[in-house]
Amino acid sequence: MKLFSDYHSHPQGHRIQPYSQNLLQPWVDHARKNGLTDIAFTDHDRYHEGIDFDEIEKLRRANPDIKIRAGIELDNDPVRSIAGRRWVEKNWDRLDFVLGSVHFLERPDQMFDSVPAGAEQFAGRNIDEIYSDYFHRVREVAATGLVDCLSHLDLVKIHGHRPKTKIETLIGGTLDLIAERGLCVELSTAGWRKPVNELYPSDEIIHLAIAKGLRFTTASDAHSHLQLGENYDRLAEKMTRFGIRQVCVFEKHEAQLGAV
Ligand SMILES: [Zn+2]
Ligand SMILES: [Zn+2]
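Residues numbered from 1 in each chain as written. Chains lettered and ligands numbered in written order. Predicted model: local features only at pLDDT ≥ 70, side-chain atom pairs only at ≥ 80, totals over all residues. Heavy atoms only, no water.

Brief notes about the sheet that holds strand β6 (residues 184-188)
At step 1: Reading across from one edge, β1-β2-β3-β4-β5-β6-β7 is the order of the 7 strands in this open sheet, with parallel pairing throughout. The strands lining the two open edges of the sheet, one partner per strand, are β1 (5-6) and β7 (216-219).
At step 2: Each of β1, β6 and β7 touches helix α7 (residues 232-242); the most contacted strand, β7, lies at about 155° to it. (Pairing = 2+ DSSP bridges. Helix = DSSP H or I, 4+ residues; strand = E, 2+ residues; numbered from the N terminus. Contact = heavy atoms within 4.5 Å. Axes fitted to C-alpha atoms, helices over the stretch in contact; angles between N-to-C directions.)

Below, the structure written as structure tokens:
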């Protein structure tokens, strides 16, 4: 199996750094070095001001051997994602791919997946309730009509908290909605570098997703070009065990299955 695509990357990292050839070319170089031929830039929507479609176009012309997709990660930031959504709507036709994410639970001032600070939000709480609330928010994102794929679908496990209720009970309706909407699910190696040390999503969820006929993208959630394609050998092994032989790639929101 040869994985060839990485559909979750953050060239700007965690601040606005306007797109330029200097910023983006190292990402393409690293992709090429690692045998990736199809990558999507998916910066956080709160940094949408840095995204420049003309710079992406220039990069494509300079690197015709790599497919470079214009994307964004739209999340549920109660404050900043209002502008993010508007930007996605406005630029929908120029975007190839939109990831939908939940980074916020009850607290509007802190991403629950901040490590380690976000773990505070779980302390002394009913974990099952947090999981239910999290998946409710995932369904809201999936239902916006503005996303093509759900990223790190079980991010709520990031700090290692596990529910007592069966995960199938907690996530079943969410997977149904994803299927109904024809959205993809991301297989993200980022979970392996977080406290939970487990792929997003878990094996159990992958089983359920396969049973519902869902399709997958492969991703690293790279915040540095050096993380592109990180742990892909390990991911390929897992996909082989699951019999996943195709991944989704996107052009102008149109999904296409590619063999791996
Ligand atoms: Zn994210
Ligand atoms: Zn991300």
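Once you've had a look at it, read on.
Structural notes on helix α6 (residues 203-211)
At step 1: Listed as buried for α6 are I205, I206, L208 and A209. Across the axial projection of α6, the buried residues extend over an arc of 165°, all falling on one side. For α6, the exposed residues set more than 90 degrees away from the buried face come down to H207 and A211.
At step 2: For α6, the secondary structure elements touched by its buried residues are α5 (167-181), β6, β7 and α7. (Buried < 20%, exposed > 50% of the residue type's maximum accessible area, 1.4 Å probe, protein only. Arc of directions from axis to C-beta.)

As for the nonpolar core
At step 1: The biggest cluster of nonpolar side chains holds 80 residues, and the ones touching the most others in it are Y134 and L153.
At step 2: Per-element accounting of this core gives the leading share, 8 residues, to helix α4 (residues 127-142).
At step 3: Contact partners of Y134, with chain neighbours within four places excluded, come to V102, L105, F112, H152, L153, D154, L155 and V156. (Core = buried A, V, L, I, M, F, W, Y, C linked by side-chain atoms within 4.5 Å.)

Topic: the coordination of the zinc ion (ligand 2)
At step 1: Coordination of the zinc ion (ligand 2) by the protein is provided by H8 (NE2), H10 (NE2), E73 (OE) and D221 (OD), with metal-donor distances spanning 2.0 to 2.4 Å.
At step 2: Considering all 4 donor atoms around the zinc ion (ligand 2), the spread of angles at the metal, 79 to 164°, places the coordination shape in the irregular class.
At step 3: For the zinc ion (ligand 2), the single-chain donor residues occur in sequence as H-x1-H-x62-E-x147-D.
At step 4: The distance between the zinc ion (ligand 2) and the zinc ion (ligand 1) comes to 3.4 Å, and E73 binds to both of them. (Donors = N, O, S within 2.8 Å, 3.2 Å for Na, K, Ca; no water. Tetrahedral: all angles 85-135°; square planar, octahedral: opposite > 155°, others 65-115°.)

Concerning the environment of A70
At step 1: With respect to the helices and strands, A70 occurs in strand β3 (residues 67-74).
At step 2: On the basis of relative accessible area, A70 is assigned to the buried category, the value being 1%.
At step 3: Spatially, the C-alpha atoms of A70 and D43 are 9.6 Å apart, while their sequence positions differ by 27 residues.
At step 4: Apart from residues lying up to four places away in sequence, A70 is in contact with F41, F53, I56, R60, R94, L95, D96 and F97.

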